[in-house]
Amino acid sequence: MRSSSVSVALSFFFQRAVWGFFPSLLSSQRSPFLCPPTIIASSPILTMTATLLTTLEREFRSIEAMDPSVGDGYRISYDREVPFELRSAECRDTADVGALEGMKVKIVVQGEEHAIASVRVELSSEADLFFHYTCVINNVGFLQLREDQKLMCEFREFVLTLIKMFNRCIKEPKSYLAILLLQPNGEATLQLVQNLEYKFVELLVLPFRESPEHVVRQHVTYRYNALRSRLGIMTAKLQDVSALVKIKGGGSVSQESLQRGITGYVDTPKPHLSSTSS
């Protein structure tokens, strides 16, 4: 899932950046988006893009390998931004609406697919780099969770069940809600709720705890260094593209014009390390 999403994102990024700025390399003088498919398919830009995509994906994956979440044999199964309602634990009325915020949900799994040993769900925020909550469930803990909440799935199916629920919160935010109840002592409760119009049905409840300070610092450091590394890689690749176009097209393309075109399709978050811990 992650490999496919990375490839698609990088392909979209470079095709829009390269085709949008270098139509002179194509045999047609019209906009590349109006060119017949045969012209675009025969263009050397696709070859150049494929090479760049391969290099970028390899370098980006080397950055992802330094993610603190994948230590101790864990692997990432899910990593998406999900709309959450953040509420104080004192407000337990599901009908009350809290602050809506996009939370980064990461599900990491330890063990093989047929023999999962542990599942960890991590919640973080782009608005506050020091916001980080964790829920860890092993086989024994899942048995208790299934008994208490009358779940019908097995532990090996639990990850897919979580992924389906979070995806429904993204696709159908009016029907499926993710509500995070925050407590002053660092604990939190995640409620996954379905809105049936005439009543709210609680589908799943997970206990979370604020991550220790050293774990939070590891994640903040990784996110900052990963962002800086990706920026450096992209800058270097833009310089390579500009130099190649100058050779093949007989002209020059300013670095500023390339960056202006790319920032129209990529929204790069800017960390603020002056934030204080939640």
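Preceding this section is the structure that the text describes.
Everything numeric in this text was worked out from a predicted model, so none of it was measured. (Residues numbered from 1 in each chain as written. Predicted model: local features only at pLDDT ≥ 70, side-chain atom pairs only at ≥ 80, totals over all residues. Heavy atoms only, no water.)

(A) Seen up close, the pattern of salt bridges. All chains considered together, the criterion is met by eight salt bridges. Taking the shortest distance from any N to any O, the salt bridge between Glu154 and Arg146 comes out at 3.1 Å. Note on Arg146: relative accessible area 24%, which makes it partly exposed. (Salt bridge = Lys/Arg side-chain N within 4 Å of Asp/Glu carboxyl O. Buried < 20%, exposed > 50% of the residue type's maximum accessible area, 1.4 Å probe, protein only.)

(B) View of the packing of aromatic side chains. In total, this model carries five aromatic pairs according to the counting rule given. Taking the centre distance of 6.2 Å and the plane angle of 20 degrees together, the rings of Tyr78 and Phe166 count as stacked. Taken as a pair, Tyr78 in strand β1 (residues 74-88) and Phe166 in helix α5 (residues 158-171) lie far apart in primary sequence, 88 residues in all. Across the pair, Phe166 and Tyr78 agree in class, each one buried. Summarising the aromatic geometry, the rings of Phe131 and Tyr133 are spaced 4.9 Å apart at their centres and angled 45 degrees between planes, so their arrangement reads as tilted. Tyr133 carries the same exposure label as Phe131, and that label is buried. An aromatic cluster of at least three residues, connected via ring pairs, comprises Tyr78, Phe84 and Phe166. Taking the ring centre of Tyr74 as reference, the NZ or CZ of Arg120 above it sits at 4.2 Å. (Phe/Tyr/Trp six-rings, centres within 6.5 Å; stacked < 30°, edge-to-face > 60°. Helix = DSSP H or I, 4+ residues; strand = E, 2+ residues; numbered from the N terminus. Lys NZ or Arg CZ within 6 Å of the ring centre and 35° of its normal.)

(C) Spatial organisation of the side chain of Arg87. Mapped onto the secondary structure, Arg87 falls in strand β1. Overall, the relative accessible area of 6% leaves Arg87 in the buried class. Polar side-chain contacts of Arg87 include one of 2.6 Å to the side chain of Glu85. (Polar contact = N/O pair within 3.5 Å; in protein donor to acceptor, adjacent residues only side chain to side chain.)

(D) View of the nonpolar core. Phe84, Ile107, Phe158, Phe166 and Leu206 are the most contacted members of the largest nonpolar core, which totals 37 residues. With seven residues, the single largest contributor to this core is α5. The contact partners of Ile107, leaving out residues within four places of it in the chain, are Arg75, Ile76, Ser77, Tyr78, Val119, Arg120, Val121, Val159, Leu162, Ile163 and Phe166. The next biggest cluster of nonpolar side chains, apart from the first, holds seven residues, and it includes Ile63, Tyr222, Ala226 and Ile233. (Core = buried A, V, L, I, M, F, W, Y, C linked by side-chain atoms within 4.5 Å. Contact = heavy atoms within 4.5 Å.)

(E) Representation of the environment of Phe131. One can find Phe131 in the loop between β3 (115-124) and β4 (132-138). In sequence terms Phe131 and Met103 are 28 residues apart; their C-alpha atoms lie 9.8 Å from each other.

(F) Molecular detail of the side chain of Glu122. The residue Glu122 is located in strand β3 in this model. Reaching out from Glu122, the side chain makes a polar contact with the side chain of Arg120 at a distance of 2.8 Å. With residues up to four places along the chain from it excluded, the contact list for Glu122 reads Ser69, Lys104, Val105, Lys106, Val108, His132, Tyr133, Thr134 and His219.

(G) Structural view of helix α4 (residues 139-149). N-cap assignment for α4: the residue whose side-chain oxygen lies 3.3 Å from the backbone N of Val140 is Asn138. Directly after α4, the chain includes Lys150, whose backbone phi takes a positive value near 55 degrees.

(H) Seen up close, α5. Taking 1.5 Å per residue as the helical rise, α5 with its 14 residues ought to reach 20 Å, and the 20 Å between its terminal C-alpha atoms agrees with that figure. Taken as a whole, α5 has its buried residues at Phe158, Val159, Leu162, Ile163, Met165, Phe166, Asn167 and Cys169. (Expected span 1.5 Å × (residues − 1).)

(I) Region of the structure containing unusual backbone geometry. Phi angles above zero are rare outside glycine, and Lys150 is one such case at about 55 degrees. Mapped onto the secondary structure, Lys150 falls in the loop between α4 and α5. Looking at Lys150, the relative accessible area reads 65%, which means it is exposed. A positive phi is found at Glu197, a non-glycine position, where the angle reads about 75 degrees. Following the sequence through the fold, Glu197 ends up in the loop between β6 (187-195) and β7 (200-210). On the accessibility criterion, Glu197 (79% relative accessible area) is exposed.

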